[in-house]
Amino acid sequence: MVPTLTLSRKIQSFVVALIFLIASCIFFYVPTRQRILLTEEFKQKVEALAETVQLGMSIGLSSGDMTAIPKVLDFAKSNASTRFVVIVSEGTTFASVPEKFQYSPELEKSDTLIIVKKPLKTDAINGDIIVGCSTASIEAKTNEARSQAIMLALGLMFLGIVAAWLLTRTIVTPIRRLSIAAEKVGQGDLTQIVEVRTNDEIGKLAHAFNQMVGRLSELVASVNEQREYLASNIQKLSIAAEKVGQGDLTQIVEVCTDDEIGKLAHAFNQMVCRLRELVASVNEQHEYLSGSIQTMLLSVDSLSNGDLTQKVPIGQNDDIGHLFSAYNDAVSQIRHMVEQVIASVSATVSASEQITTISNATTYDIQEQSLQIKTVSVAMEEMASTVQHSSQQAVLAA
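Residues numbered from 1 in each chain as written. Predicted model: local features only at pLDDT ≥ 70, side-chain atom pairs only at ≥ 80, totals over all residues. Heavy atoms only, no water.

Let's talk about the overall build of the chain
Right, so step 1: Looking only at helices and strands, one finds seven helices and four strands in the chain.
Right, so step 2: Secondary structure elements of the chain, listed N to C terminal, follow the sequence α-α-β-β-β-β-α-α-α-α-α.
Right, so step 3: On C-alpha atoms alone, the chain measures out to a radius of gyration of 71 Å, which is more than a quarter above the 21 Å that the 2.2 N^0.38 rule sets for 398 residues.
Right, so step 4: Considering only C-alpha atoms, the chain reaches an extent of 230 × 50 × 30 Å along its principal axes.
Right, so step 5: Pairs at least 24 apart in sequence give 61% of the contacts found in the chain among residues at least 6 apart.
Right, so step 6: By element, 59% of the accessible surface of the chain is carried by carbon and sulfur atoms, the whole surface being about 26,800 Å².
Right, so step 7: Looking at the chain, you have 32 positive and 43 negative side-chain charges, and the mean spots of the two groups are 27 Å apart. (Helix = DSSP H or I, 4+ residues; strand = E, 2+ residues; numbered from the N terminus. Rg over C-alpha atoms; globule rule 2.2 N^0.38 Å. Contact = heavy atoms within 4.5 Å. Areas by Shrake-Rupley, 256 points an atom, 1.4 Å probe, with all protein chains shown as cover. Lys, Arg positive; Asp, Glu negative; His and termini not counted. Charge placed at Lys NZ, Arg CZ, Asp CG, Glu CD.)

Here you go:
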């Protein structure tokens, strides 16, 4: 799980940790460093005291003035940090402060003393001057420095907390306002404006955010406008297409722009015009075919009633015209055949009358004539059947 530590907590934690680190360094480093410096300085003072005692002893003993020894010891004793001064000659304590003080090498291991040895070689003494000084003053100054370091560390920690609070308020508060505004913008509220109070990076960020929101608002407005424009034109096209689907070919969609919608509306209008022309052409062809079929049916009906003078007028040189021409040729042939049959019948009737007037014609001739008449009758029936069949074929062809 990702930790949910806020930015203000992060900044405060960082600043407090940094101040705590600095305070810790001050608390531990400053007293330790001061102790080292004080110890070195104190050693130099002890060295100087030991050299002074050495010089005083050397001068006094060289001149034979034994009273110089207590004077030098009293001078060394006047130093508040001096704990002992011992003059050792060949392993024996010659003089000491305090009196009857016994020096032991174990004292050199003590942390509370700084011991300095200086050689003392005179006619009377061949040994060392040992000066031991207490480090109590160093400890006191170190404790004082430690107390000051603690106060300084506490002060720095307090200032760090205040600085963290101010830094949080300076940095996090504007960022929090930006975060809240960005969240509202993400929810669709494009009226958010973040107040720019500074000219630093955060101020520039707020200014850039305001510019972004303004551009987003313009973009959304443009998109909404385009959406409304598209919805309106698509609705017009849909209504017009629905009416065209219902058979109303008078629909025209107004073309106001030269964009894709305008091109689509123009193409729709062209399609409707072509459909209207196509429907008009189909209707015209339908009327033409209906009239031609009606004419053919009337002519066939008259032909079936025996009117062999029928002739269908040929209007166009198309398939209907070719059909009418073939029909007229067929009727003409039928009429010619009927005329031939009628002429034959007339000739037969005339011959019969001549035979009748000749009373002496033989029965065989009469029977033969009868057979011929029957043959002609059969031929006429066949001709009538042929005419009827031709009429049916003409009707079917129409």
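Remarks on helix α2 (residues 68-77)
Right, so step 1: Taken together, the buried positions of α2 are A68, I69, V72, L73 and A76. Looking straight down α2, one finds its buried side chains confined to an arc of 130 degrees; they lie on one side. Across α2 from its buried face, at more than 90 degrees, point the exposed residues K71 and K77. (Buried < 20%, exposed > 50% of the residue type's maximum accessible area, 1.4 Å probe, protein only. Arc of directions from axis to C-beta.)

Observations regarding the sheet that holds strand β1 (residues 82-89)
Right, so step 1: As summarised here, the arrangement of the four strands in space is β2-β1-β4-β3, forming an open sheet in which the pairing is antiparallel. Both outer strands of the open sheet, β2 (92-97) and β3 (113-121), are each paired with one neighbouring strand and no more. The sheet shows a mean angle of 20 degrees between the axes of neighbouring strands, direction not considered.
Right, so step 2: Packed on one face of the sheet, α2 meets β1 and β2 and runs near 55 degrees to β2. (Pairing = 2+ DSSP bridges. Axes fitted to C-alpha atoms, helices over the stretch in contact; angles between N-to-C directions.)

A look at the nonpolar core
Right, so step 1: V53, M57, L73, I87, I129 and V131 are the most contacted members of the largest nonpolar core, which has 24 residues in total.
Right, so step 2: The leading source of residues in this core is helix α1 (residues 7-62), at eight residues.
Right, so step 3: In contact with I87, not counting residues within four places along its chain, are M57, I69, L73, T92, T93, F94, A95, L120, I125, D128 and I129. (Core = buried A, V, L, I, M, F, W, Y, C linked by side-chain atoms within 4.5 Å.)

Considering the layout of surface pockets
The method is simple in principle: a probe with the dimensions of a water molecule rolls over the atoms, and the space it marks as empty is what remains.
Right, so step 1: Taken as a whole, the largest pocket holds about 200 Å³ of empty space.
Right, so step 2: Lining the largest pocket we find 14 residues, and of these T170, P174, R177, R197 and T198 sit closest to its centre.
Right, so step 3: Only α3 (136-186) and α4 (201-245) provide two or more residues apiece to the lining of the largest pocket.
Right, so step 4: Considering each element in turn, the lining of the largest pocket owes the most residues, five residues, to α3.
Right, so step 5: Along the lines of polarity and charge, the residues of the lining of the largest pocket split into five nonpolar, four polar and five charged. (1 Å grid on protein atoms, 1.4 Å probe; cavity = no way out; pocket = protein on both sides within 12 Å on 5 of 7 lines; lining within 4 Å. Points joined across faces, edges and corners; volume = space filled by probe spheres on them. Nonpolar A, V, L, I, M, F, W, Y, C, P; charged D, E, K, R; others polar.)

Some words on the packing of α4 against helix α5 (residues 260-304)
Right, so step 1: Packing of α4 against α5 leaves a shortest axis separation of 11 Å and a crossing angle of 10 degrees. Taken together, the axis directions place α4 and α5 in an arrangement best described as roughly parallel. Across the interface between the two elements, Y229, L230, N233, L237, A240, A241 and V244 of α4 pack against I261, L264, A265, F268, V272 and L275 of α5.
Right, so step 2: Broken down by class, the residue content of the contact of α4 with α5 amounts to twelve nonpolar, one polar and no charged. (Parallel < 35°, antiparallel > 145°, perpendicular 65-115°, else oblique.)

A look at the environment of A326
Right, so step 1: Of note, A326 is situated in helix α6 (residues 319-357).
Right, so step 2: Its relative accessible area of 44% is what places A326 among the partly exposed residues.

Some thoughts on α4
Right, so step 1: Relative to the 66 Å expected for 45 residues at 1.5 Å per residue, α4 spans 63 Å between its end C-alpha atoms, a close match to the ideal helical length.
Right, so step 2: For α4, the elements touching its buried residues are α3 and α5.
Right, so step 3: Phi turns positive one or two residues past the end of α4, at G247, with a value near 110 degrees. (Expected span 1.5 Å × (residues − 1).)

Notes on the pattern of salt bridges
Right, so step 1: On inspection of all chains with the given rule, the structure shows six salt bridges.
Right, so step 2: With its nearest N and O atoms 3.7 Å apart, the salt bridge here joins E106 to K109. The residues E106 and K109 share a single accessibility class, namely exposed.
Right, so step 3: Each member of the salt-bridge network shares a partner with another, and the members are E47, E51 and K118. (Salt bridge = Lys/Arg side-chain N within 4 Å of Asp/Glu carboxyl O.)

A look at unusual backbone geometry
Right, so step 1: In the segment running from V97 into P98, the intervening peptide bond is cis, with an omega of -5 degrees.
Right, so step 2: One can find P98 in the loop between β2 and β3.
Right, so step 3: A positive phi is found at K100, a non-glycine position, where the angle reads about 60 degrees.
Right, so step 4: Mapped onto the fold, K100 is located in the loop between β2 and β3.
Right, so step 5: Classification of K100 by relative accessible area gives exposed; the value is 78%.

Here's the deal with the side chain of S89
Right, so step 1: Along the chain, S89 falls in strand β1.
Right, so step 2: With a relative accessible area of 15%, S89 lands in the buried category.
Right, so step 3: At 3.4 Å, the side chain of S89 and the backbone nitrogen of N126 are in polar contact.
Right, so step 4: What S89 contacts, discounting residues up to four positions off in sequence, is F94, I125, N126 and G127. (Polar contact = N/O pair within 3.5 Å; in protein donor to acceptor, adjacent residues only side chain to side chain.)

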